[in-house]
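Report on the structure
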Amino acid sequence: MSDAIKQEQIDQGVMDTLRERDHSALAQQVNPLSCNHNDIIELLAHYMALSEQDNDELFDDWFDNLSKEQHTVLKVFEVYRGQYEHQN
């Protein structure tokens, strides 16, 4: 199976999870990652700080150099954030 097809299936799974508000599929993606709590907090703090700036090039350079695990954490974070923002 090609990487593009796998990514499309993951993205579709994320969208299905977002609609269902069920975090179990997302937890399965994040729980086995080899990062600790501090790594996640640091990643999210850096992400939030850079995303609030007007320097898209700085953000893009930082984002492009993240590992696959870091991208997974950010994707799951954005799904959770989207769910909580649209709850109210």
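Notes on the structure follow. Just so it is clear, the model here is predicted, and its values are computed rather than measured.

Cut-offs and rules
Numbers given to residues run from 1 along each chain, matching the order in which its sequence is written. Selection of residues for local features in this predicted model requires a pLDDT of at least 70, selection of side-chain atom pairs for listing and counting requires 80 or more, and totals for whole chains, interfaces and linings are taken over all residues. Side-chain metrics rest on all non-hydrogen atoms present in the structure, leaving aside hydrogens and water. Secondary structure elements are defined from DSSP: runs of H or I of at least 4 residues count as helices, runs of E of at least 2 residues count as strands, and each element is numbered from the N terminus. Only protein chains enter the accessibility calculation, which uses a 1.4 Å probe; a residue is then buried when its area is under 20% of its type maximum, exposed when over 50%, and partly exposed in between. The criterion used for residue contact is that any of the two residues' heavy atoms lie within 4.5 Å. For the accessible areas, the method is Shrake-Rupley and the probe is 1.4 Å, while residue cover comes only from the protein chains on display. Candidates for patches are residues over 30% relative accessible area with no salt bridge; among them, like charges are joined within 9 Å and nonpolar side chains (Val, Leu, Ile, Met, Phe, Trp, Tyr) within 5 Å. Salt bridges are defined by distance alone: a side-chain nitrogen of Lys or Arg within 4 Å of a carboxyl oxygen of Asp or Glu. Working convention for charge: Lys and Arg count positive, Asp and Glu count negative, and His plus the chain ends are omitted. In this description, the location of a charge corresponds to atom NZ of lysine, CZ of arginine, CG of aspartate or CD of glutamate. By nonpolar core we mean a set of buried residues, namely Ala, Val, Leu, Ile, Met, Phe, Trp, Tyr and Cys, connected to one another through side-chain atoms within 4.5 Å. To estimate the expected span of a helix, subtract one from its residue number and multiply by 1.5 Å. By construction, the arc corresponds to the directions joining the helix axis to the C-beta atoms. Contacts described as polar in this section are N or O atom pairs within 3.5 Å, which, within protein, must combine one atom able to donate a hydrogen with one able to accept it, while residues neighboring in sequence count only if both atoms come from side chains.

**Comments concerning the overall build of the chain**
Secondary structure summary: the chain contains 5 helices and 0 strands in total. Moving toward the C terminus, one meets the helices and strands of the chain in the order α-α-α-α-α. For the chain, buried positions account for 20% of its 88 residues. For the chain, the proportion of contacts with a sequence separation of at least 24, taken over those separated by at least 6, is 64%. As presented, the chain carries roughly 6,500 Å² of accessible surface, and 50% of it is formed by carbon and sulfur atoms.

**Topic: a negative patch on the surface**
Negative charge collects at one region of the surface, where Asp 54, Asp 56, Glu 57, Asp 60, Asp 61 and Asp 64 lie side by side. Its relative accessible area of 58% is what places Asp 64 among the exposed residues.

**A look at the nonpolar core**
Nonpolar side chains in soluble globular proteins generally cluster together in the buried interior. Leu 33, Leu 43, Leu 44, Tyr 47, Leu 50, Phe 59, Trp 62, Leu 66, Val 73 and Leu 74 form the largest nonpolar core, which has 10 residues in total. Listing elements by their share of this core, those giving two or more residues are α3 (37-51), α4 (56-64) and α5 (68-85).

**Considering α3**
For the α-helix, the turn length of 3.6 residues means that residues three or four positions removed from each other point alike. Taking 1.5 Å of rise per residue, 15 residues should cover 21 Å, and α3 covers 21 Å from first to last C-alpha, within 8% of that figure. Listing the buried residues of α3 in full gives Leu 43, Leu 44, Tyr 47 and Leu 50. Summarising the axial view, the buried residues of α3 lie within an arc of 140°, below the 170-degree limit, and thus occupy one face. When the buried face of α3 is taken as reference, the exposed residues oriented beyond 90 degrees from it are His 37, Asn 38, Ile 41 and Glu 42. Tucked inside the fold, the buried residues of α3 contact α4 and α5. Its side-chain oxygen at 3.0 Å from the backbone nitrogen of Asn 38, Asn 36 defines the N-terminal cap of α3.

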